[in-house]
Structures are given as structure tokens and as C-alpha cells.
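Commentary on secondary and tertiary structure
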Amino acid sequence: MRYYECKSSYYSFSMTLLNEARLLCIAPRGRGVMLKVVSTFRLSYLKSIRRRYFSTECLDEESIRRFIYENTKIVEDHNLTPEIKLRLFTPDCRFWFERPELWPFDDPYWAIYWPGGQALSRYLLDNPGVSLGKSVLDLGSGCGASAIAAKLCGADQVVANDIDSVATLATCMNFKLNGLESPVCVTDNMIGSDPGNFDLILLGDMFYDETLACSLHAWLQHCIKAHNSQVLIGDPGRAHFEEHGFQRLLQKLAEFELPKSVREENYGLTCSSVWCYDQQLTLK
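These numbers were taken from a predicted model, which means no experiment stands behind them. (Residues numbered from 1 in each chain as written. Predicted model: local features only at pLDDT ≥ 70, side-chain atom pairs only at ≥ 80, totals over all residues. Heavy atoms only, no water.)

A few words on the overall build of the chain. What the chain contains, in helices and strands, is 13 helices and nine strands. Here the analysis covers contacts within the chain between residues at least 6 apart in sequence; of these, 70% occur between residues at least 24 apart. Here the chain displays about 13500 Å² of accessible surface, and carbon together with sulfur accounts for 50% of that area. (Helix = DSSP H or I, 4+ residues; strand = E, 2+ residues; numbered from the N terminus. Contact = heavy atoms within 4.5 Å. Areas by Shrake-Rupley, 256 points an atom, 1.4 Å probe, with all protein chains shown as cover.)

So, in C-alpha cells, the structure goes:
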């Protein structure tokens, strides 16, 4: 079944939610409008209701791949990692300006190359020994850029984890775009579980919510203590990351100035950094 045959069943309720959301937000033109609105959706009950009306179960993988192909553009510049090609939203894409209620899947966070992920990927490419020969978990992998960077640098095994199954398909497409075999993709929520013995755990732009930040910190500490995993975090300075108590356990490894276009698209953020847990402090 095609996506436009599925979406009619939830169109009326999504229009109601859209009107409510538009009353709550004012954002810059273009993509900012879409992202601000879908962020408001996520804070509402849309997350649970929407799945009852529409889900990726309506579509086979090939239809979703075709949809991604038709609604994204290949990007390899104006970011921190021109070595990596990614399928993303650009101003040439329909859904850069399209009404949010017409998007047929969960919020398309995978279609944006977020600044934390850019810094993390740049750091890996600049320091190939960090992932060389390692087993790597990219948590909240999104477009898959950090997983791609790790594999390009010689990681032995890469697992891309994102709870959005469309994101994992986009990741596989991006791996192929960079001449790589698809990684192992996991769509289960791994936070709070025992992920197994990964040498390196990567996460970018994940500390956007206080509750999530606390859960992540507890889980990452478990991974370090149980498996001696190295953890690398990419973040552009979000409040839930910078102001959290676990900052005392972290060391800043690198800071990157964001390109002008990335600064403009991210409300004036100027730089993005890579951090690691100080294992001596964490293991105390």
C-alpha cells in the first residue's frame, strides 16, 4: 500500500493537532517551521495516537526507500564532514516547506545532520584509531553519519540503533551511498538494557530532554562499569547537557566551529564539541 493511501485515515485528527501547534509556536521560515511544529507534536499525544492511524506497517521497505529517495537530496558539503555523503532535507526538497501533517511517518530527525553528530563524525574521521578494529554502537543513529565515519575508519563491527525504522532504512541507504555494506540495524530502545560488549558507544544530540539525559547517564555508566566501553558524546551545548550534574565526569576532547549554514539552521549555535567519560571518575 502506498503512503498516500494510508495517510487519509489520520488526516482529520492531524489537522486539529496542527492548528493547536501553530498557535503555540513561531519559528524562522522554511525548515524551522516544520521542525518547530513537529517538536510540539511530539510533546503532545500525537506520538501514541498517530501510530494507530498510520505506521510503516502500511508500507514495504522498498516503498519507504523510494519515498526517501524521492524526498531527499544527496548532501556532501556545507557541514563538518564533506567526506561523507548523506541523503537529507534541503531547500530543494518538498518537505522543507511542506505542511507537516502531510509527512507520513514519525518526525524525520534522520533527515537532518544535527551539529552534535557532525562534531562526533568529524572527530572520528580526524582520529581513525579511535574506532579502528572496534565494535561500535551508534545510539540514536539518525542519518547514520557517525556510524559511517566509524566504518570508514576501520571499525570491525558497527551497529546502528534508532527506534525509528525509517531512520534505519535511511542509514542503510547512506552506507551504500558511501560505498559501504549496510550495518546491523536495531530498532529496539536499548537504553536501560544490557547492550552487550561494545568497545565504543557513540551518541550525538541525544541530551535534549532532562528525563532522557538522566536515563542516558545511568545507562552509560552501566555500560562503562560492566563492559569497560568507551563513550563519546557529540553536543552543541544544549542546556540539558551543559547544566547536568554528570558534567563533572566528562572530559572535552575537541571543539569544532560550525559552518555558517549550520549556525543559521540551528538558531545561532556557533560550535559543537565531543566529550568522553573520565573512566577513573566513573568507575569510582
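The structure having been displayed, the exposition proceeds.
This next bit is on helix α7 (residues 115–126). The first and last C-alpha atoms of α7 sit 16 Å apart over 12 residues, in line with the 16 Å expected at 1.5 Å per residue. Where burial is concerned, most of α7 is hidden: 11 out of the 12 residues are buried. As for α7, its buried residues are in contact with α8 (145–152), β6 (200–204), β7 (230–235), β8 (250–257), α12 (260–265) and β9 (271–277). (Expected span 1.5 Å × (residues − 1). Buried < 20%, exposed > 50% of the residue type's maximum accessible area, 1.4 Å probe, protein only.)

If you trace the backbone, Asn266 turns up in the loop between α12 and β9. Relative accessible area serves as the criterion here: at 10%, Asn266 is assigned to the buried category. Asn266 has contacts with Trp114 and Pro115, leaving out every residue within four places of it along the chain.

For the rest of this paragraph, the subject is the side chain of Asp235. Checked against the element boundaries, Asp235 lands in strand β7. Residue Asp235 is classed as buried on the basis of its relative accessible area of 1%. Within the local environment of Asp235, its side chain forms a polar contact with the backbone nitrogen of Gly237, the two atoms lying 2.7 Å apart. In contact with Asp235, not counting residues within four places along its chain, are Gly116, Phe207, Phe241, Ser272 and Ser273. (Polar contact = N/O pair within 3.5 Å; in protein donor to acceptor, adjacent residues only side chain to side chain.)

Bringing the sheet that holds strand β3 (residues 135–139) into the picture now. Note on sheets: strands pair through backbone hydrogen bonds, and any given pair is parallel or antiparallel. Read from one edge to the other, the open sheet built from seven strands follows the order β5-β4-β3-β6-β7-β9-β8, with strand pairing classed as mixed. Edge positions in the sheet fall to β5 (184–186) and β8, since each of these pairs with one other strand and no more. When the angles between neighbouring strand axes are averaged without regard to direction, this sheet yields 20 degrees. Judged from the five bridges that link them, β6 and β7 form a sheet pairing that is parallel. Across the sheet, Leu203 pairs through a bridge with Ile233, a residue of β7. (Pairing = 2+ DSSP bridges. Axes fitted to C-alpha atoms, helices over the stretch in contact; angles between N-to-C directions.)

Below, the discussion takes up the nonpolar core. Taken as a class, soluble globular proteins show a tendency for nonpolar side chains to be buried jointly. Counting residues in each nonpolar core, the largest one holds 33 residues, and the members touching the most others are Leu86, Leu124, Leu202 and Leu232. Those elements that provide at least two residues to this core are β2 (86–88), α7, α8, β6, β8 and β9. Setting aside chain neighbours within four positions, we find Leu202 in contact with Leu120, Leu124, Val136, Leu137, Asp138, Leu139, Ser146, Ala150 and Leu232. Within the second largest apolar cluster, 24 residues are counted, among which are Leu139, Trp219, Val231 and Tyr277. (Core = buried A, V, L, I, M, F, W, Y, C linked by side-chain atoms within 4.5 Å.)

Attention now goes to the packing of α7 against α8. α8 packs onto α7 with a crossing angle of 0 degrees between their chain directions and a minimal axis gap of 9 Å. It follows that α7 is roughly parallel to α8 by the angle criterion. Residues Gly117, Leu120, Ser121, Leu124 and Leu125 of α7 pack against Ala145, Ser146, Ala149, Ala150 and Leu152 of α8. Residues of the contact of α7 with α8, tallied by class, amount to seven nonpolar, three polar and no charged. (Parallel < 35°, antiparallel > 145°, perpendicular 65-115°, else oblique. Nonpolar A, V, L, I, M, F, W, Y, C, P; charged D, E, K, R; others polar.)

Under the defined criterion, the tally for this structure stands at nine salt bridges. A salt bridge links Glu61 to Arg65, with the nearest nitrogen and oxygen atoms 3.9 Å apart. Separated by four residues within a single helix, Glu61 and Arg65 lie in helix α5 (residues 61–71), roughly one turn from each other. A salt bridge links Glu83 to Arg122; the shortest N-O distance between them is 2.7 Å. Here the residue Glu83 occupies a position in the loop between β1 (73–75) and β2, and Arg122 occupies one in helix α7, the gap between them amounting to 39 residues. The class of Glu83 is partly exposed, set by a relative accessible area of 42%. On the basis of relative accessible area, Arg122 is assigned to the buried category, the value being 12%. Among the ionic contacts, a cluster of salt bridges with common partners joins Glu83, Arg122 and Asp126. (Salt bridge = Lys/Arg side-chain N within 4 Å of Asp/Glu carboxyl O.)

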